[in-house]
Every structure is written in C-alpha cells, then in structure tokens.
Amino acid sequence: MMNPTLGTATRDRLRIAIQKSGRLAEPARKLLAACGLSWRESRDKLFCYGETLPVDLLLVRDDDIPGLIADGVCDLGVVGRNELDEQAGARARNGLPQAYRELRGLGFGQCRLMLAVPEDWEWSGPEQLKGRGLRIATSYPAILAQWLQRQGIDAQVVELSGSVEIAPRLGTAELICDLVSSGATLLANQLKPVENLLDSEAVLAGPAHGFDDARAGLAQMLLRRVDGVLQLKDRKLLMFSARRESLPELERLLQDAGPLVQLPGANGSLSLQTMCEGAVSWQQLEDLERAGARELMVLTVERSLA
Ligand code: ATP
Ligand code: ZN
C-alpha cells in the first residue's frame, strides 16, 4: 500500500528521489545543494522537507527510483543510467508504456556494464558465444537480453540480485554481465571484461510527460541550475593586464580559451579577461607572463546563468 502522504495528486512542491546511502547518495546531495536547495532533516530519514525552495527529498534505495517516478510518487530522481535503462527494458518487455526519461547526465557514478569471461578464455568477439548453450549471470537481465538479441546470441540469462562475480566459480554460469569501474573485483575473481554493453553514470530522471502544475516551473528552474553547476565544473576566469603590443602572442597562448575581453586599463595598458575550461597551470601562467601578461589572477567561478 502506498503511503497516503506520498500520494500522486497535483502538487505545488517538487519531490526528488535520491539514494539513501551508497555510491550516489553523497554526490547527489552535493549537486542539489550546489543548486541552492537545503532541507530540514526528518527523523525518519525518508523524507527531507525543502527549506529554501519547495523541493523535497525522498531517500530511498536506488532500485526503487524508476518505479517511484513511474508511479508519480516522485517527480524527479537521481539514479544510475544502468538502473533506469534496465527497468525501462523490463517495462517494455511486459508491455508497459515508458513512464520516465533521462533528463541530464550528471558526471558522477561512472561505470560500465560489461560482459566478462574467465581470464583464460581467448576472446575473439561475441560470435564465439553462438550456439554453445552458455549461461550468463547478471543483475541486468533486460539490458543483457536486448544485447544478446542484437548480436543473435542464444545464451541463457541467469538473473542474480548480487555477488554476480562469483557465479562462474559456483558453477551457476560460465560468464557474467556486471557493472565495472576499476575492474578490481573482476580480477579478484579471475574474470576479464570483454564487451561493453552500456556506459553509465548518475542521471537526473523525470517523467516521460512533463508537469501541468507548479512543478513544471520548479523542474525547469532546477534543470537550469543543474546545467549551470555542471558547466562550472573546472571553469576558471583568468584576469591580467598587458600592453597592446603583447596581444598577438597572448592570444596565441590562449587560443583554446574563450573570447578575450579587453578593457582600457591604467597607463595605456589593457585589462584582459577570459574563461578557461579546466585548470590553469603554473606553467601556463609563467608562459603568459613571459609573453607580457602582468597581474595574473585565476578565479574560481562560483555561479553562472548561461
Ligand atoms: P541500494 O542500497 O540503494 O540498493 P546498491 O548497492 O544497489 O544500493 P550502489 O552500490 O551504491 O547501489 O551503486 C549505486 C550505483 O552506483 C549503481 O547503480 C551504478 O550506477 C553506480 N556505480 C558506479 N560504480 C559502480 C561499481 N563499481 N559497481 C556498482 N555500481 C557502481
Ligand atoms: Zn540497489
């Protein structure tokens, strides 16, 4: 039974589901906090009431997030693409309509869903799996089944909810399909990754159809802020002064940066600034100084609306 206080009726507050604990919990909170949201912690730790804006959090297991969006209990969710695609695939197989969609990739929680085989197998490609009656253990049966079908492979999918990597040693499957980030778990289990089925990261997910009440404006504002925060990652404002005759060489050194803004400075010199993607190294500053730049300053951009 659904909790009546978490019903699906028209609302004037936005409700975002994030992972309660686990890999995506902390980065999701940080991202939303950077978007200007803050919450009053509740004692049951399921629901956090939004203070600065009418945007509340629901802290849940990541597996539940797609379903909560599909049922309209939550409006948005931060969840791995692997989980979202898997549940979308399962819905499609059961003839259910697509109820949610990926709105933004969020740049954290990166991993890959990979097919892995015993270390001592020689790997020549997916064709070698054909016609061998092999079993593949996975927690992602829908994504795996789609891939197998595309490749024309008739392997058997063995669904496991956890500890997939030990299946070959237990004899329940010959190979596995699992999430990999460093590859250390595979290595420890004498397995090697051979085919990439999905590049995954945390994503912001929302309903397939938009909102028709106050949530529409809130979601739009939040998306804009998320875009602003993602864009700022590693952006630096470089400021310096220089004499006009140094400009050609300075422009050459800064050709990968944004437009160079020129303003009149003191004593006939120019005051210059430009936006740089990524870090600005000491070496780059010294090169600019040698080319005539003075009073060099690198500033972190805290907030911007594009
Ligand atoms: P929950 O209790 O919420 O069900 P969980 O154990 O299913 O937690 P985590 O292990 O915290 O979830 O992983 C959450 C997400 O983190 C994954 O769905 C995936 O998108 C991402 N992720 C990044 N790297 C990895 C990895 N090496 N292994 C598993 N998941 C990873
Ligand atoms: Zn989970």
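Residues numbered from 1 in each chain as written. Chains lettered and ligands numbered in written order. Predicted model: local features only at pLDDT ≥ 70, side-chain atom pairs only at ≥ 80, totals over all residues. Heavy atoms only, no water.

Caption draft 1: Just the site of ligand 1, in detail. Around ligand 1 there are 15 residues in total, and Arg23, Arg61, Asp63, Asn82 and Ser181 lie nearest to it. Here an oxygen atom of ligand 1 and a side-chain polar atom of Asn82 are 2.6 Å apart. Contact with the protein chains hides 76% of the accessible area of ligand 1, taken as 630 Å² for the molecule alone. Its atoms largely coinciding with the cavity grid, ligand 1 occupies the largest pocket. Classifying every residue of the shell around ligand 1 gives three nonpolar, eight polar and four charged. Of the residues that make up the shell around ligand 1, three or more belong to each of domain 1 (14-109 + 202-232) and domain 2 (111-200). (Near = heavy atom within 4 Å. Polar contact = N/O pair within 3.5 Å; in protein donor to acceptor, adjacent residues only side chain to side chain. Areas by Shrake-Rupley, 256 points an atom, 1.4 Å probe, with all protein chains shown as cover. 1 Å grid on protein atoms, 1.4 Å probe; cavity = no way out; pocket = protein on both sides within 12 Å on 5 of 7 lines; lining within 4 Å. Sits in = over half its atoms within 2 Å of the grid points. Nonpolar A, V, L, I, M, F, W, Y, C, P; charged D, E, K, R; others polar. Domains from an automatic or database assignment.)

Caption draft 2: Highlighting the sheet that holds strand E10 (residues 175-180). Ordered in space as E9-E8-E10-E7-E11, the five strands form an open sheet in which the pairing is mixed. Each having just a single partner strand, strand E9 (156-159) and strand E11 (191-200) make up the two edges of the open sheet. Adjacent strand axes in the sheet meet at a mean angle of 25 degrees when their direction is disregarded. Both strand E8 (residues 135-138) and E10 contribute to a ladder of three bridges, which runs parallel. Along E10, the bridge assignment pairs Ile136 with Leu175. Sheet strands in contact with helix H3 (residues 81-93) are E10 and E11, and its direction is about 80 degrees off that of E11. (Pairing = 2+ DSSP bridges. Helix = DSSP H or I, 4+ residues; strand = E, 2+ residues; numbered from the N terminus. Axes fitted to C-alpha atoms, helices over the stretch in contact; angles between N-to-C directions. Contact = heavy atoms within 4.5 Å.)

Caption draft 3: A look at the pattern of salt bridges. Across all of its chains, the model carries 13 salt bridges by this definition. The partner of Asp75 in a salt bridge is Arg11, and the shortest N-O contact between them spans 2.8 Å. Of the two residues, Asp75 is situated in the loop between helix H2 (65-70) and strand E5 (76-80) and Arg11 in the segment before strand E1 (14-19); the sequence distance between them amounts to 64 residues. On the basis of relative accessible area, Asp75 is assigned to the buried category, the value being 2%. (Salt bridge = Lys/Arg side-chain N within 4 Å of Asp/Glu carboxyl O. Buried < 20%, exposed > 50% of the residue type's maximum accessible area, 1.4 Å probe, protein only.)

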